[in-house]
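# Structure at a glance
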Amino acid sequence: MTLSLTGIGVSRGVAIGQVHRLRRDQLEIPMFAIPMYRLDEEEARYRHALEAAKGQLRAIRERIPAKTPADIGAFIDTHLLMLEDTTFSEAPIKAIREERLNAEWALKQQRDTLVQVFEEMDDAYLRTRKDDVQHVADRVLRVLLHQEDDHHAVFDANLKDRIILADDLTPADTLLMQHQGIAGFITESGGPLSHTAILARSLRIPAIVGVRLARRYLRADEMLIIDGAAGVIIADTDDYSFRHYRKRQREERRHQSELQKLKASPTVTTDGAPITLLANIELPEDIRAVRRVNAAGIGLYRTEFLYMNRDDLPEEAEHYKAYLKVVKAMKGAPVTFRTFDLGADKQPGGGRNITPNVTNPALGLRAIRLCLKEPQLFIPQLRALLRVSAYGPVKVMFPMLSNSLELFQVLQLVEETKEELRREGKKFDEAIELGGMIEVPAAAITAASFAEHLDFLSIGTNDLIQYTLAIDRVDDEVNYLYDPLHPAVLRLIRMTIEAGQVAGIPVSMCGEMAGDPRYTKLLLGMGLEHFSMHPASLLEVKGIVNACQLKELRRQADRLLTTSDPLEMAEALARIIDH
């Protein structure tokens, strides 16, 4: 009898192959006291393990095929940088010395502390960085526990055309297995924003995560079908299903080949409406991926990376250097920087207590609220952003706006900073464009008042959907309620787009909804003309845009948004998607 399991599809495509169960022994971490006379030896043992872990990652980095896009290696580089950071290179040693802990327990203690910090973050993207902390720490722990050989033995097997089944995978695992030609992978844990999921999309490996108890139901070597777009796993099925999905595989390969031809073509609908497709990035190294798909620019550059995993605060010079690198690399294409989205749960400066402990940090002092309360954090970044605007088309947008008073305070700070730079004789673009992120329902409802005072708006659907529906999309217990097509969400999006149209300013969308091909036609019909997404999604969206007739889509979207009957809405939505 056919067995079907569902999870979170994080990388589209169909994979057919036999299951390879990736077994990892649970780490049993001992705790014991180290005598004073052995502290030097224990520190040396930890430093040796740290270097061995770095050596493993460098070896994996060297095994990446030369033809692989350069930005793929950035995932390994991220883990190498984490091992260089004091949170791993010094903090455990301090615990060994001061608490006389064995190296394994000192590292476990540090790992658990860091994971807890990330788990409490309200930003879904940053919250999933706890996986990277876990992966990096576990790699060092396996060296300390002499389990590194067991970890790599799995790669001695022939994994070509296999579907990997595991509790979780690291980016290093994924790269190694992709090199061996795996068909796809399934994990019991993980989410759509993890580095492993992002890497799967970049490498175009069909992948499904968050499939609870998958290893209980799926046997080693049995044939599986996984549909990465739908998040569906099919086991013990018939020949008809295999023939159907093999046909889909062939169609997908032809489709991807055709998409590559779109790189140099303009993004325009069949009735001549130009659409702007931009890219989201978080590190300067991501620019290579932006160039590879010929994006029109960067619609969201996350700046939090400068504040994380460090004991001090970045100064203006560091901000300036990082941002200038991006602006120059884009060679005249626009770059939209989002000012930092930190808060009570994401403490800059090594976690120093800038904000008090709160019950719900997602609703607390974060993003623009923290900027206004602690301008000494904000002003250096603002100065740097203004200064780099002298070297290319820079835009700045402010996250988590919820009322006009906040906006006026921000604009006043910008004017004061501009005046300060003028007195110092420092150049900047006097007409730099300033925008606001619409990610709070209150901001969407009052978007017209924001549009009067800003040069553009950007819809952050990740938070907008969560706040509107009161659910945490990375919480396995409630993420089934995360629905971008909920009528309330669609009306808030439409309200924001219309506010921009009335004010004569552009409205973009930089949340994941913008890069999901399932919603492209609907968003076009609702009037969205500027999409910003992960570079791996851009050509897929471009192909859909270039095949659409905008006039008809807008007529259908109007019909969808003027009905309150759930059945009528479902039918109208199906007509748009299938149009």
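Residues numbered from 1 in each chain as written. Predicted model: local features only at pLDDT ≥ 70, side-chain atom pairs only at ≥ 80, totals over all residues. Heavy atoms only, no water.

## Structural notes on the confidence of the model for the protein chain
Just so we agree on the cut-off: Looking at any residue, its pLDDT shows the predictor's confidence there, from 0 to 100. Between two residues, a contact is recorded if the distance between any of their heavy atoms is within 4.5 Å.
Of the residues in the protein chain, 90% reach a pLDDT of 70 or more, and the chain-wide mean stands at 86. Confidence drops under pLDDT 50 across residues 149–154; counting only partners more than four residues distant or on other chains, this segment forms 11 contacts. Here residues 344–356 scores under 50 on pLDDT; set against residues more than four positions off or in separate chains, the count is 39 contacts.

## Digging into the side chain of Asp 138
Under the convention used in this document: Secondary structure counts use DSSP, requiring at least four H or I residues in a row for a helix and at least two E residues in a row for a strand, with both numbered from the N terminus.
Locating Asp 138 in the fold gives a position in helix α7 (residues 130–144). Non-local contacts of Asp 138, meaning those with residues more than four positions away in its chain, are made with Leu 27 and Arg 111.

## Regarding the pattern of salt bridges
Two side chains of opposite charge can pair, provided their charged atoms sit close to one another. Basically, it comes down to this: The salt bridge definition used is simple: a Lys or Arg side-chain nitrogen within 4 Å of an Asp or Glu carboxyl oxygen. With a 1.4 Å probe rolled over the protein chains alone, any residue whose accessible area is under 20% of its type maximum counts as buried; one over 50% counts as exposed, and the rest are partly exposed.
Within this structure, the stated rule accounts for 36 salt bridges. Among the ionic pairs, Arg 38 bridges to Glu 41, the shortest N-O distance being 3.8 Å. Here Arg 215 ties to Glu 188 by a salt bridge, and the two come within 3.2 Å at their closest N and O atoms. Linking Arg 215 in helix α11 (residues 214–217) with Glu 188 in the loop between β5 (184–187) and α10 (195–203), this pair joins segments that are 27 residues apart in sequence. In this structure Glu 188 comes out as buried when scored by relative accessible area, which is 16%. Through salt bridges with shared partners, a single network forms among Glu 316, Arg 383, Arg 387, Glu 420, Glu 424 and Lys 426.

## Description of the sheet that holds strand β4 (residues 163–166)
For clarity, the threshold we go by: One bridge is not enough; two strands pair if DSSP finds at least two bridges between them. Only the stretch in contact is used when a helix axis is fitted, and all axes are lines through C-alpha atoms; the angle between N-to-C directions ranges over 0 to 180 degrees.
Reading across from one edge, β1-β8-β7-β3-β4-β5-β6-β2 is the order of the 8 strands in this open sheet, with mixed pairing throughout. The two strands at the open ends of the sheet, each matched to only one other strand, are β1 (3–6) and β2 (8–11). Taking each pair of neighbouring strands and ignoring which way they run, the sheet shows an average axis angle of 30 degrees. Where β2 lies against strand β6 (residues 207–209), 3 bridges are found, and the strand directions are antiparallel. Bridge pairing in β6 places Gly 9 opposite Ile 208. α10 contacts β2, β5 and β6 of the sheet and is inclined by roughly 55 degrees relative to β2.

## Observations regarding the sheet that holds strand β12 (residues 394–398)
Strand order around the closed barrel formed by 8 strands is β9-β10-β11-β12-β13-β14-β15-β16, with parallel pairing between neighbours. Strand after strand, the sheet turns through a mean of 25 degrees between neighbouring axes, direction not considered. Pairing geometry for strand β15 (residues 507–509) and strand β16 (residues 530–533), over 2 bridges, is parallel. Among the inter-strand pairings, Ser 508 is bridged to a residue of β16, identified as His 530. Those strands touched by helix α14 (residues 316–329) are β10 (298–302), β11 (335–338) and β12, and its axis lies near 155 degrees from that of β11.

## Points about α10
Burial runs high along α10: 9 of the 9 residues are buried. Every buried residue belonging to α10 is among His 195, Thr 196, Ala 197, Ile 198, Leu 199, Ala 200, Arg 201, Ser 202 and Leu 203, and all of these are buried. Phi for Arg 204, located one or two positions after α10, is positive at around 60 degrees.

## Quick notes on the packing of helix α1 (residues 39–63) against helix α9 (residues 171–179)
Two quantities define a packed helix pair, namely the angle between the axes and the distance from one axis to the other. Cut-off, in case you're wondering: A crossing counts as left-handed when the near helix is turned anticlockwise from the far one by less than a right angle, and as right-handed when that turn is clockwise. Under the scheme applied, nonpolar residues are Ala, Val, Leu, Ile, Met, Phe, Trp, Tyr, Cys and Pro; charged residues are Asp, Glu, Lys and Arg; polar residues are all the others, including Gly.
It is the contact of α1 with α9, at a shortest axis distance of 10 Å, that shows an interaxial angle of 35 degrees. The interaxial crossing formed by α1 with α9 has left-handed handedness. Across from Leu 57, Ile 60 and Arg 63 in α1, the residues of α9 making contact are Ala 172, Leu 176 and His 179. Considering only residue class, the contact of α1 with α9 consists of 4 nonpolar, 1 polar and 1 charged.

## A short note on the environment of Pro 517
For Pro 517, the position within the fold is in the loop between β15 and α23 (520–525). Through-space distance from the C-alpha of Pro 517 to that of Ala 447 is 26 Å; in sequence the pair is 70 residues apart. Non-local contacts of Pro 517, meaning those with residues more than four positions away in its chain, are made with Arg 12, Glu 540 and Ile 544.

## Regarding the packing of aromatic side chains
Condition: Ring geometry is summarised as follows: Phe, Tyr and Trp rings, the Trp one being its six-membered ring, pair when their centres sit within 6.5 Å, and such pairs are stacked at plane angles under 30 degrees, edge-to-face over 60 and tilted between the two. Throughout this description, the term charge over a ring refers to an Arg CZ or Lys NZ atom that lies within 6 Å of the ring centre and within 35 degrees of the ring normal.
On inspection of all chains with the given rule, the structure shows 5 aromatic pairs. Aromatic pair Phe 340 and Phe 378: ring centres 6.4 Å apart, planes at 85 degrees, arrangement edge-to-face. A residue pair is termed long-range when its members are at least 10 positions apart, and Phe 340 in the loop between β11 and α15 (348–351) and Phe 378 in helix α17 (residues 375–388) qualify at 38 residues. Here Phe 340 and Phe 378 have matching classes, each one buried. Pairwise contacts between aromatic rings join Tyr 301, Tyr 323 and Phe 337 into one cluster. A cation sits over an aromatic face here: Lys 108 above Trp 105, 4.6 Å from the ring centre. A cation over a ring is seen here: Arg 387 above Tyr 320, with NZ or CZ 4.0 Å from the ring centre.

## Some points on the packing of helix α25 (residues 550–561) against helix α26 (residues 566–578)
The cut-off we apply is this: Working definition: roughly parallel below 35 degrees, roughly antiparallel above 145 degrees, roughly perpendicular at 65 to 115 degrees, and oblique for all remaining angles.
Two numbers describe how α25 lies on α26: the axes approach to 9 Å, and their chain directions differ by 165 degrees. In terms of orientation, α25 and α26 fall into the roughly antiparallel class. Taken as a pair, α25 and α26 cross one another with a handedness that is left-handed. Between α25, through Leu 553, Gln 556, Ala 557, Arg 559 and Leu 560, and α26, the contact on the second element is made entirely by Met 569, Ala 572, Leu 573, Arg 575 and Ile 576. Residue classes in the contact of α25 with α26 are distributed as 7 nonpolar, 1 polar and 2 charged.

## Regarding the side chain of Thr 496
Along the polypeptide, Thr 496 turns up in helix α22 (residues 487–503). Of the residues examined, Thr 496 reaches a relative accessible area of 0% and is grouped as buried. Residue contacts for Thr 496: discarding those within four places in its chain leaves Ile 438, Ala 444, Ala 447, Leu 457, Ile 459 and Val 507.

## A closer look at the pairing of strand β3 (residues 14–21)
When you tally the buried positions in β3, you get 6 out of 8 residues, the bulk of the element. Relative to strand β7 (residues 223–227), β3 is paired through 5 bridges, and the arrangement is antiparallel. Bridge pairing in β7 places Val 14 opposite Asp 227. Summarising the sheet, β3 and β4 pair through 3 bridges and their orientation is parallel. The partner of Val 19 across the bridge, within β4, is Ile 163.

## Details of the environment of Phe 337
Inspection of the secondary structure puts Phe 337 in strand β11. Classification of Phe 337 as buried rests on a relative accessible area of 0%. Each C-alpha atom, one on Phe 337 and one on Ile 182, is 37 Å from the other, the two residues being 155 residues apart in sequence. Not counting residues up to four positions away in its chain, the partners in contact with Phe 337 are Tyr 301, Thr 303, Tyr 323, Val 326, Val 327, Leu 385, Val 394, Lys 395, Val 396 and Met 397.

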